[in-house]
Amino acid sequence: MNKSFTSLAVRLLCLIVSCSCLPGHAYSGFEAGRCVLVQGDTLLGQFRFNAEKERVSFLPHGHLEAPLIFPLDEIQSLKFANHTYYRQVTVHRHYFLAKRILEGPHELYQLQLPNDEWIFFVHHNGKTLLIDPRHLDDFLAVYLGPCALRVLHNHPARYTGKSLCKIFRALSECESPGSMENVPFSPVEKAPYRTIAIGAKVSLNTAVTFPSTNDLILELAEYYGVTRYPGAGIFTRFRYNERIFIQTEFEHHQKHLKAENVQVEPFASAATSDVSFRYNCYDLVLSVQYHQPILPRWKVFLEGGTVSGITQEGRWTAKRSPEALSDGIPNSNLVELREFNYGIFAGGGVAYHFGNHELNVHSRYIREENELLLLDLVPLDIFTRRLEVGCSLVFWVK
């Protein structure tokens, strides 16, 4: 009894495992539809359109093997059973599938590019034309022809899906009254912009000047050259609207300024000294960025913001020559803690989009004010001006 029960349980378990491993259960997100290829073939079956990976997956009816993958340059049109329809369009020699939002003699299509820019196309008599947002009025004046005055008088032109749907619907009615009575008004979806991102950055900082209000530092500045030091950090980015982003960063970099053969008191008396400042800086950065798309995958951006020091550990070192030690003053190696520094910056860069990721290259001009106490005697206000050049990788999470 126990042996037969155990055998039956094992068989049931094997059946469940084998059923769960069938290829047909491994693929999700497919919907029934029809696809027309550029070469003229028509495919019927289950389809899945992945806009981020820019491909269409195809499962023929009754087959459980791995899906066939088609790049977008091979797809002429794709229609799902729920009447969602896509047509191939070309933007700067890149192929995309634009979604139809208005049927009729003048079909209207919308497309979200990888750089988050939304553009529209109109398809009529076998031709697909891009509606350029920079020349919208000129385009409509030519395209609408004799109906332009009547249509635009009732429907002011705006570069939105809702406005353009009304314009091309009115154009079809103007050319052929009653032609749009049975054509449903397709709701225009609100642009699903990605709103939250996280990322990491690396940078190279160059101290271009080292001025101060203190006479001692002004004299020391003559001995300092241009110093370069690396930095790294993490950040979060939030979208405020279509073009404006707010970014908060936490970054670390090490400043190292060194001067040799200094003959400035109290670092040197009768002989020369080597003096260096070294700081481990942990900064909180807040920036506001303005992004402007230029190509389907590319954007340029300008930014500005503030830099605030959270904690900074600094080491001042003065190594004096043997001759200088004869006065009885020893070498100094002093650790200082600075709790606050602040500054402002401005800059810009370029961004390249691929899928849910973004690669940025930026440069910033930063002006900071630092306060420290040297030898517990001399208060110093140091103003550093530095140039930061870096790159960052962005992951959009929502």
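Predicted model only: the values in this text are computed from it and were never measured.

This next bit is on the nonpolar core. Leu108, Ile131, Leu144, Leu164 and Phe168 are the most contacted members of the largest nonpolar core, which has 22 residues in total. Of all elements in the fold, only strand S7 (94-102), strand S9 (118-124), helix H2 (136-144), helix H3 (148-154) and helix H4 (161-175) reach the threshold of two or more residues within this core. Here this core takes 7 residues from H4, the largest share from any one element. Those residues in contact with Leu144, other than ones at most four positions away along the chain, are Val151, Leu152, Ile167 and Leu171. Counting 13 residues, the second-largest nonpolar core is a separate cluster that includes Phe58, Phe80, Tyr86 and Leu97.

To continue, consider the pairing of strand S8 (residues 107-112). Of all 6 residues that make up S8, 5 are buried, and the element is covered over most of its length. Hairpin connection of S7 to S8: 4 residues between the antiparallel strands, including Gly104 at a positive phi of 125°. Pairing of S8 with S9, which is carried by 6 bridges, proceeds in the antiparallel orientation. Its bridge partner being in S9, Leu111 is matched across the sheet by Ile119. Remark: 5 residues form the turn of the hairpin made by S8 and S9, two consecutive strands paired antiparallel; Asp116 in that turn has positive phi of roughly 75°.

Moving on to a nonpolar patch on the surface. Taken together, the side chains of Ile198, Phe354, Leu359, Leu393, Phe395 and Val397 define a hydrophobic patch exposed on the protein surface, amounting to about 480 Å² of accessible area. Mapped onto the elements, Leu359 comes out in strand S18 (residues 357-374).

Moving on to the packing of aromatic side chains. Evaluated as defined, the whole model comprises 11 aromatic pairs. Consider the rings of Phe250 and Tyr282, whose centres lie 6.5 Å apart with planes at 20°: the pair is stacked. Taken together, the residues span a long stretch of sequence, with Phe250 in strand S13 (residues 244-262) and Tyr282 in strand S14 (residues 273-295) at a distance of 32 residues. Note on Tyr282: relative accessible area 33%, which makes it partly exposed. Between Tyr352 and Phe354, the ring centres sit 6.1 Å apart and the planes meet at 25°, which makes this aromatic pair stacked. Taking the relative accessible area as the measure of exposure, Tyr352 reaches 27% and is therefore partly exposed. Cluster of aromatic residues (ring-pair linked, three or more members): Phe49, Phe80 and Tyr86.

The next point concerns unusual backbone geometry. A positive phi is found at His92, a non-glycine position, where the angle reads about 50°. Position of His92 among the secondary structure elements: in the loop between strand S6 (85-91) and S7. Residue His92 is classed as exposed on the basis of its relative accessible area, which comes to 52%. Positive phi, close to 55°, is recorded for Asn125, a residue that is not glycine. Along the chain, the position of Asn125 falls in the loop between S9 and strand S10 (127-131). Overall, the relative accessible area of 66% leaves Asn125 in the exposed class.

Before going further, it helps to spend a moment on the confidence of the model for the chain. Of the residues in the chain, 67% have a pLDDT of 70 or more, and the chain-wide mean is 77. Confidence scores differ between elements of the chain, with helix H1 (residues 2-20) showing the lowest mean pLDDT of 46 and strand S5 (residues 75-80) the highest of 94. pLDDT under 50 marks residues 8-26. Its contacts with residues more than four places away, or in other chains, come to 4 contacts.

The next point concerns the side chain of Arg87. Secondary-structure assignment places Arg87 in strand S6. A distance of 3.3 Å separates the side chain of Arg87 from the side chain of Tyr85, its partner in a polar contact. In this structure the side chain of Arg87 is engaged in a polar contact, spanning 3.2 Å, whose partner is the side chain of Tyr109.

Attention now moves to the side chain of Gln247. Positionally, Gln247 belongs in strand S13. There is a polar contact of 2.9 Å between the side chain of Gln247 and the side chain of Arg237. Within the local environment of Gln247, its side chain forms a polar contact with the side chain of Gln289, the two groups lying 3.4 Å apart.

Parameters at a glance
- Residues numbered from 1 in each chain as written.
- Predicted model: local features only at pLDDT ≥ 70, side-chain atom pairs only at ≥ 80, totals over all residues.
- Heavy atoms only, no water.
- Core = buried A, V, L, I, M, F, W, Y, C linked by side-chain atoms within 4.5 Å.
- Buried < 20%, exposed > 50% of the residue type's maximum accessible area, 1.4 Å probe, protein only.
- Helix = DSSP H or I, 4+ residues; strand = E, 2+ residues; numbered from the N terminus.
- Contact = heavy atoms within 4.5 Å.
- Pairing = 2+ DSSP bridges.
- Patch = residues over 30% accessible without salt bridge, like charges linked within 9 Å, V, L, I, M, F, W, Y side chains within 5 Å.
- Areas by Shrake-Rupley, 256 points an atom, 1.4 Å probe, with all protein chains shown as cover.
- Salt bridge = Lys/Arg side-chain N within 4 Å of Asp/Glu carboxyl O.
- Phe/Tyr/Trp six-rings, centres within 6.5 Å; stacked < 30°, edge-to-face > 60°.
- pLDDT = per-residue confidence, 0-100.
- Polar contact = N/O pair within 3.5 Å; in protein donor to acceptor, adjacent residues only side chain to side chain.

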